Structure formats: C-alpha cells, structure tokens
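Fold and contact review
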2 protein chains.
Amino acid sequence: MDSPHKGHTVRSYDDELNQLDNYISEMGGIAESQLAAALDALAKRNSELAALVIVQDEAIDKIEAKIGEAAVELIARRQPMANDLRQVLASLKIAQILERIGDYAANVAKRSTVLNQLPPVEPARSVPRMGRLVEQMIHEVLDAYSTRNAEAALSVWHRDEGIDGLYDSVFRELLTYMMEDPRNITACTHLLFIAKNIERIGDYTTNVAEIIYFLVKGEPLTETRPKADTTSFAVMTPGAPKG
Amino acid sequence: MDSPHKGHTVRSYDDELNQLDNYISEMGGIAESQLAAALDALAKRNSELAALVIVQDEAIDKIEAKIGEAAVELIARRQPMANDLRQVLASLKIAQILERIGDYAANVAKRSTVLNQLPPVEPARSVPRMGRLVEQMIHEVLDAYSTRNAEAALSVWHRDEGIDGLYDSVFRELLTYMMEDPRNITACTHLLFIAKNIERIGDYTTNVAEIIYFLVKGEPLTETRPKADTTSFAVMTPGAPKG
C-alpha cells in the first residue's frame, strides 16, 4: 500500500508514523459508527442500542490515550523534523477532536433513551436526517486524512454550511412545537440538545478538514469559515408562522 | 522568580519553556475575563459589552496559534526529552481547551444579546451565579498550572460536581418556566444553552486540572470523574412540582 510517509531510511520510523495514522483511522471509524448507532437508536426508539453506544465510548478514549503515548515516544526517540513533527502534532489534535465527537455521539444516545420514555414528537425525524449528513462528513474527512487529499478536505469543510442551515430550521421547528403544546417541551428540549450536538460534530469535522489542509498545503486555510449557529441570535415568539 | 523549569544549562531553553507558560497564562487570563464579561452582559442586559466579548474572541485564537508555533519550534530545535516534552504537549492541549472556553464565552455573549430583545425572565439570575463559580474555577486552575500544584488542581476538579448539581437545578427551573407560559420559551431556550455552555466550561476546567495532575505527579488521576450532565436523562412533565 502507498503510504504518505515514504522516504525515511529507517524502516521502523515509517512504521511508527503509519501506526499513528492507523490509530486515527481506527478511532475515526469507531466515532463514525458510534454516531450512526446513536442516530439509529434515536430514529428507531431503540434504548438497548443507545445503552451500547454509551458503554462503547470508552473504546474511543482508550485509543486517544494510545495515540498520546505513541506520539510522545515517537518524538522522544526519533526527534522528527518540521514536516514529520507537524504530522505527529496533527494526529494528537485530530485524536482530541475524535474523542469529543465520541462524547457527543454518546450524549445523543443518552438523550434518545429519555425520548423513548416520552410520546414521539414529529421533529424526531428531521434530527436523524441532519445527523446522517454529518456522519457522511466524518467518513469523508477521514478518507481525506488517510489519502492526504486537501481538496476532499476542503469539500467537507464547505458542506458544513448546509448543516448549519439544517440546524437552523430544526431549531425553529422545535421551538414552534414547544410553543404549540407544553407537553412537547421536555422531548423537544432533548431534541434541541441532540441537534446542537450534531451541529457541533459538524464543526469539529471542519476543524479536522483544516488540519488536513494545513498538513498537505503547508499553509492554513485562509477562506473565512462559514458562520456556524445563527440560532444563537434567533428570536421567536409564540404564534409566529412556522419556518 | 522561581520557575518550574530550572536546571537546564542552556539559559534560552528555559526561556522558551517559560514563554509557553506565559502564553498559557495570558490566554487563560483573557478566557477568564471573557467569561466574566459575558456573564456581566447577561446579568446587566448589556448588549454593548456582549458585542465586545464577541469581537475579542479572536485574541484568544491568535495566542493559540502562537503557542502552536512556539511549541513546534521548541520541539524541533531543542528536541526535549520525557518531562519537558510532556510539558510542551500539555501546553498545546491546554491552549486547545482555552480556545474552546473562549468560544463558549463568546456564545454566552451572543445569546445574551437575544435575551435583551425579550422581556426579562426570572431564571436569568440563577445562570450568572452558576457562571461566577465556573469563572472562579478557571482562575484557580490557571494558578494551579503556573505553580504546578497538583492538590490545587484536584480541588478544582472536585468542585465541578457542584456545578453539575447547579446546572441540573437550573435546567429543571427553565423547563418549568417554559411549561408555565409559552412566551418564556425563546428566552428560556437561550438560557438553557447558556447554562449548558457554562457547564461545559466547568468540564473543560476539570480537563485542565487532569493535565496538571499528570504533569506534576507523572501518573493520571485515577479517581472516577464525578458524572456530568445528569439532565441528559431528565424527564419532566407539565404540572410536575418545581424542583
């Protein structure tokens, strides 16, 4: 297989750099499948699946710890120069981000167990749809990392704007439901936080894209980041038209 | 002045390690004052102050970038061994956390400008109180970092449980207000997210405490972390007693 770390004369140094990538790949794969399972648990009101997601979060934390140890050992033993060093530090940063993504997926699972104790509400359908798009973004950004493809990373980065737009409409939909009937408030509040978790995962995915871009191009992404979370400024009043 | 990095024969290597600490100290001070200002903006319904907080978030991001560059340069030029290397990597991690804390503070400010467009609601008082306690935790964890005091870090770490308890009661208070009158829903939703932001900042502060503990003691904090966010499991129904 082609590796992005060819060219070092010491074979095991390459192995060590590749090992970091393998960890990221493994960790990212679990984070992605944790989000997928949490969304399934939500969409299908499956509390057993949700419980599984909550338990499995530990697996992600363990790989993050392994990456931390491997990186420290690699730096101390190999004293990597500029490019390799940036590579190692990038893997530490990405590991930290994937750990957060795992936390958010576990929180989606936790909240879906609450929703299963309450009567179903309509917006519970829009939220998993938004989640599937973010799941796809995670998948693509991990591919972009393993192939060191800056254009693919940039394409994921741009798609986050669409997620923010979806989040905005889900936010308004949820507030409308809450205003219509107070019995919807608890369920819709948990859905609000679930939607926000998904939106945050989208943001984190763009952070990974930025790290990849910098690794490949050697310079930061200078485009202005599409502005997240316009709902922080949202004012809605009861009786206003649904939007 | 006493420095935690005494003992290297090359004087400028110490300077470089201290410089990282100085950056953390500067960055942490700004993050703390950003949260303080955001809470003031919320408590006093001061949108001009909130606007200032939003603009100043960039200052934190800039120091994070400086820390990243300084750390890469230090590792490449000095090839630090075990302890110093852990120190450098710790400063990178803490910088990343402080950047997030800054983001959360800016989001509190954004949402407080929305609240100023709506009639005041009662729970807007409990939320800043909770925020002041977290602000104090940031202050103390930064002190613990600059003095490398594991016990002080542990004490901050333990206090987060109290914040989680406060968040829990604020969460229930807000849901009760929403259920009582749909005209409270928009304001209370933004307050819910503000309270959640503050609770997350508390969590991040415990992460910094864990990093300090590890740096000083050379082993991870093995106590089980007080469990955050029990509200992820909260079921409330309209008409239930206020709690």
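The present account deals with the structure reproduced in this document. (Residues numbered from 1 in each chain as written. Chains lettered and ligands numbered in written order. Predicted model: local features only at pLDDT ≥ 70, side-chain atom pairs only at ≥ 80, totals over all residues. Heavy atoms only, no water.)

1. A closer look at the overall build of chain A
This is how the line gets drawn: The helix count covers DSSP runs of H or I at least four residues long, the strand count covers runs of E at least two residues long, and both are numbered beginning at the N terminus. It only takes one pair of heavy atoms within 4.5 Å for two residues to be counted as in contact. Surface exposure here means Shrake-Rupley accessible area, sampled with a 1.4 Å probe, where a residue is shielded only by the protein chains that are shown. Asp and Glu count as negative and Lys and Arg as positive, but His and the ends of the chain are not part of the count. Working definition for charges: the position is that of NZ of Lys, CZ of Arg, CG of Asp or CD of Glu.
If you tally the helices and strands in chain A, you get six helices and zero strands. Order of helices (α) and strands (β) in chain A, N terminus to C terminus: α-α-α-α-α-α. With the C-alpha coordinates aligned to their principal axes, the bounding extent of chain A is approximately 70 × 40 × 25 Å. When contacts within chain A are restricted to residue pairs at least 6 apart in sequence, long-range pairs at least 24 apart make up 82% of them. Accessible surface, chain A as shown: approximately 10200 Å² in total, 52% of it carbon and sulfur. The averaged location of the 36 negative side-chain charges in chain A is 3 Å from the averaged location of its 26 positive side-chain charges.

2. What to know about empty space enclosed by the protein
Which entries qualify depends on this criterion: A cavity here means a set of points on a 1 Å grid, drawn over the protein atoms and nothing else, where a 1.4 Å probe fits but cannot get out; a pocket is an open set with protein on both sides within 12 Å along at least five of seven lines, and a residue lines either one if it has an atom within 4 Å of a point. Grid points are joined across faces, edges and corners, and a volume is the space filled by probe spheres set on the points.
Inspection of the entire model under this criterion finds one cavity of 30 Å³ or more. Size it by volume and the largest cavity reaches roughly 60 Å³. Lining the largest cavity, in full, are Gln96(A), Ile97(A), Arg100(A), Tyr204(A), Gln96(B), Ile97(B), Arg100(B) and Tyr204(B). When contributions to the lining of the largest cavity are tallied by element, the ones reaching two or more residues are helix H3 (82-115) of chain A together with helix H3 (82-115) of chain B.

3. Here's the deal with the relation of the copies chain B and chain A
Between the two chain copies there is a screw-like relation: a rotation about an axis and a shift along it. To keep things clear, this is the line we draw: Residues reaching a pLDDT of at least 70 in both copies supply the C-alpha atoms on which the copies are superposed by least squares.
Superposition of chain B onto chain A requires a rotation of 180° combined with a translation of 0.0 Å along the rotation axis, giving an RMSD of 0.0 Å. With respect to symmetry, the two chain copies, as superposed, fit the operation of a two-fold axis. Among all residues of chain B, the one whose C-alpha sits closest to the rotation axis is Gln79(B), at a distance of 3.0 Å.

4. A word on the packing of H3(A) against helix H4 (residues 126-146) of chain A
All names here are of chain A. Note the following rule: Between N-to-C directions, angles cover 0 to 180 degrees, with each direction set by a line fitted to C-alpha atoms, over the stretch in contact for helices. Throughout, the term roughly parallel applies to angles under 35 degrees, roughly antiparallel to angles over 145, roughly perpendicular to angles from 65 to 115, and oblique to all others. Note on convention: the crossing is left-handed when the near helix lies turned anticlockwise from the far helix by less than a right angle, right-handed when the turn is clockwise. Classification convention: Asp, Glu, Lys, Arg as charged; Ala, Val, Leu, Ile, Met, Phe, Trp, Tyr, Cys, Pro as nonpolar; all other residues, Gly among them, as polar.
Running from N to C, H3 and H4 cross one another at 165°; their axes reach a closest spacing of 13 Å. Here H3 is positioned roughly antiparallel relative to H4, judged by the angle of their axes. Our pair here, H3 against H4, has a crossing hand that is left-handed. Touching Gln87, Ser91, Ile94, Leu98 and Ile101 of H3 are Ile138, Leu142 and Tyr145, all from H4. Looking at the contact of H3 with H4, its residues break down into six nonpolar, two polar and no charged.

5. What about helix H2 (residues 47-78) of chain A?
Residue and element names in this part refer to chain A. Stated precisely, the cut-off is as follows: For a helix, the expected span equals 1.5 Å multiplied by the residue count minus one. The reported bend at a residue is simply the angle between two axes, fitted to the 7 residues ending at it and to the 7 residues beginning with it. Identification of polar contacts relies on pairs of N or O atoms within 3.5 Å, with a donor-acceptor requirement for protein atoms, meaning one able to donate a hydrogen and the other able to accept it, and with residues adjacent in sequence counted only if both atoms are side-chain atoms.
Compared with an ideal rise of 1.5 Å per residue, which puts 32 residues at 46 Å, H2 spans 47 Å between its outermost C-alpha atoms and is within 8% of the ideal. Largest kink in H2: about 25°, centred on valine 55. N-capping of H2 is provided by asparagine 46, with a side-chain oxygen placed 3.1 Å from the backbone N of glutamate 48. In the stretch just after H2, glutamine 79 is the one whose phi turns positive, near 45°.

6. Notes on unusual backbone geometry
Condition: Residue burial is assigned from relative accessible area. The probe radius is 1.4 Å, only protein chains are included, and a residue is buried under 20% of its type maximum, exposed over 50%, and partly exposed in between.
A positive phi angle is found at Arg45(A), which is not glycine, with a value near 50°. Structurally, Arg45(A) can be placed in the loop between helix H1 (11-43) and H2. According to the relative accessible area criterion, Arg45(A) is partly exposed, its value standing at 34%. Positive phi is not limited to glycine here, since Arg148(B) has a value of about 50°. Relative to the elements of secondary structure, Arg148(B) occurs in the loop between helix H4 (126-146) and helix H5 (150-180). Its relative accessible area of 16% is what places Arg148(B) among the buried residues.

7. Section: the side chain of Gln34(A)
When you line up the elements, Gln34(A) lands in helix H1. Classification of Gln34(A) by relative accessible area gives buried; the value is 2%.

8. Some remarks on the interface of chain B and chain A
Note the cut-off: The buried area of a pairing is the accessible area, by a 1.4 Å probe, that goes missing from both parts when the two are put together, added over both. A pairing counts as a salt bridge when a side-chain nitrogen of Lys or Arg comes within 4 Å of a carboxyl oxygen of Asp or Glu.
With 49 residues of chain B at the interface, the matching set in chain A holds 49 residues. Together, the buried faces of chain B and chain A total about 4200 Å²; carbon and sulfur atoms form 64% of this surface. Summed over the shared surface of chain B and chain A, the result is zero salt bridges. The interface formed by chain B and chain A contains four residue pairs in polar contact (both at pLDDT 80 or more). Contributing elements (two or more residues each) for the side of chain B that touches chain A: helix H2 (47-78), H3, H5 and helix H6 (185-217) of chain B. The element that contributes the greatest number of residues to the side of chain B that touches chain A is H3(B), accounting for 14 residues. Here the side of chain B that touches chain A is composed, by residue class, of 26 nonpolar, 12 polar and 11 charged.

9. Considering the environment of Val208(B)
Of note, Val208(B) is situated in helix H6. Sequence-wise, Val208(B) and Ala105(B) are 103 residues apart; in three dimensions their C-alpha atoms are separated by 17 Å.

10. What to know about the nonpolar core
Which entries qualify depends on this criterion: Residues enter a nonpolar core if they are buried and are Ala, Val, Leu, Ile, Met, Phe, Trp, Tyr or Cys, with the set joined through side-chain atoms within 4.5 Å.
Ranked by size, the top nonpolar core spans 165 residues in total, and within it Ile67(A), Leu89(A), Ile67(B) and Leu89(B) carry the most contacts. Sequence-distant contacts of Leu89(A), defined by excluding residues within four places in its chain, comprise Ile75(A), Val72(B), Ile75(B), Leu89(B) and Leu92(B).

11. Looking at the packing of aromatic side chains
Rules: Here a pair means two rings of Phe, Tyr or Trp (six-membered ring of Trp) with centres within 6.5 Å. Their orientation is stacked below 30 degrees between planes, edge-to-face above 60, and tilted elsewhere. Comment: the charge-over-ring label is applied if NZ (Lys) or CZ (Arg) is within 6 Å of the ring centre and within 35 degrees of the ring normal.
This structure, assessed with the given rule, holds five aromatic pairs over all chains. Note on Tyr167(A) and Phe171(A): the rings are 6.2 Å apart at their centroids and 55° apart in plane angle, and the pair reads as tilted. In this pair, Tyr167(A) and Phe171(A) both sit in helix H5 (residues 150-180), four residues apart, roughly one turn of the helix. Grouping residues by exposure puts Tyr167(A) and Phe171(A) together as buried. Lying across the ring of Tyr145(B), Arg148(B) places its NZ or CZ 4.3 Å from the centre. Sitting over the face of the ring of Tyr204(B), Arg200(B) holds its NZ or CZ atom 5.0 Å from the ring centroid.

12. Some remarks on H5(B)
The terminal C-alpha atoms of H5(B), which comprises 31 residues, lie 46 Å apart, in line with the 45 Å expected from a rise of 1.5 Å per residue. Regarding H5(B), its N-cap is Asn149(B), as a side-chain oxygen of that residue lies 3.1 Å from the backbone nitrogen of Glu151(B) further along.

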